[in-house]
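Structural overview for review
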Amino acid sequence: MFCSYLNKRFQQTHYAGTISDKKEVNSGVFKGSVLGPILFLIYVNDLPLSLTSTCADIFADDTTIGTSSHSIDTFVETLTTDLQNVLSWCNSNNVPLNVCISHIDTNSRFLQIVIMI
């Protein structure tokens with residue numbers, strides 16, 4: 001039963017009274033499904049293992065990595081290394097990467113940045 005949930009699925013589009021041909025869906029899970037979020041979390045569960053110096057928080061389909069440092073050089077090196085690690089993980093696992101810098105805190109005694117993946 002589980003294989004039938006992920007294999008041999010098709011989709012088509014209805015727009016302005018026109019229906020497209022059916023196309024096979026080769027990846028992903030049904031949007032709005034009960035199993036979708038669970039399967040996604042299982043799929044990305046090992047992403048934090050690819051990080052060497054930053055922390056990852058995973059919630060639903062959002063992953064945030066963050067770091068802080070007293071030194072801008074250390075900060076940039078740490079973040080660059082782990083972003084390269086995330087990119088490698090994404091490429092290896094066929095996960096598209098959409099990077100958005102969501103928060104930069106320069107008012108504290110640490111330089112902090114949070115990047116949502």
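Right, let's walk through the structure included here. (Residues numbered from 1 in each chain as written. Predicted model: local features only at pLDDT ≥ 70, side-chain atom pairs only at ≥ 80, totals over all residues. Heavy atoms only, no water.)

1. Points about the nonpolar core
One finds Val44, Leu47, Leu51, Ile65, Phe75, Leu79, Val86, Trp89, Cys90 and Val95 forming the largest nonpolar core, which totals 10 residues. Each residue touching Leu51, except ones within four places of it in the same chain, is listed here: Ala56, Ile65, Asp82 and Val86. (Core = buried A, V, L, I, M, F, W, Y, C linked by side-chain atoms within 4.5 Å. Buried < 20%, exposed > 50% of the residue type's maximum accessible area, 1.4 Å probe, protein only. Contact = heavy atoms within 4.5 Å.)

2. Considering the pairing of strand E6 (residues 62–69)
Sheet topology places strand E5 (residues 55–59) next to E6; 5 bridges connect them, and they run antiparallel. Its bridge partner lying in E6, Asp57 is registered against Thr64. Here E5 hands over to E6 after 2 residues, with Ala60 in that stretch at a positive phi of 55 degrees. (Pairing = 2+ DSSP bridges. Helix = DSSP H or I, 4+ residues; strand = E, 2+ residues; numbered from the N terminus.)

3. Description of helix H2 (residues 35–44)
Among the residues of H2, Gly36, Leu39 and Val44 are the ones counted as buried. Down the axis, H2 shows its buried residues gathered within 125 degrees of arc, on one side only. (Arc of directions from axis to C-beta.)

4. Describing the environment of Val29
Looking at where Val29 falls in the secondary structure, it is placed in the loop between strand E4 (23–25) and H2. Given a relative accessible area of 32%, Val29 falls into the partly exposed group. Linking Val29 and Leu6, residues 23 residues apart in sequence, is a C-alpha distance of 6.8 Å.

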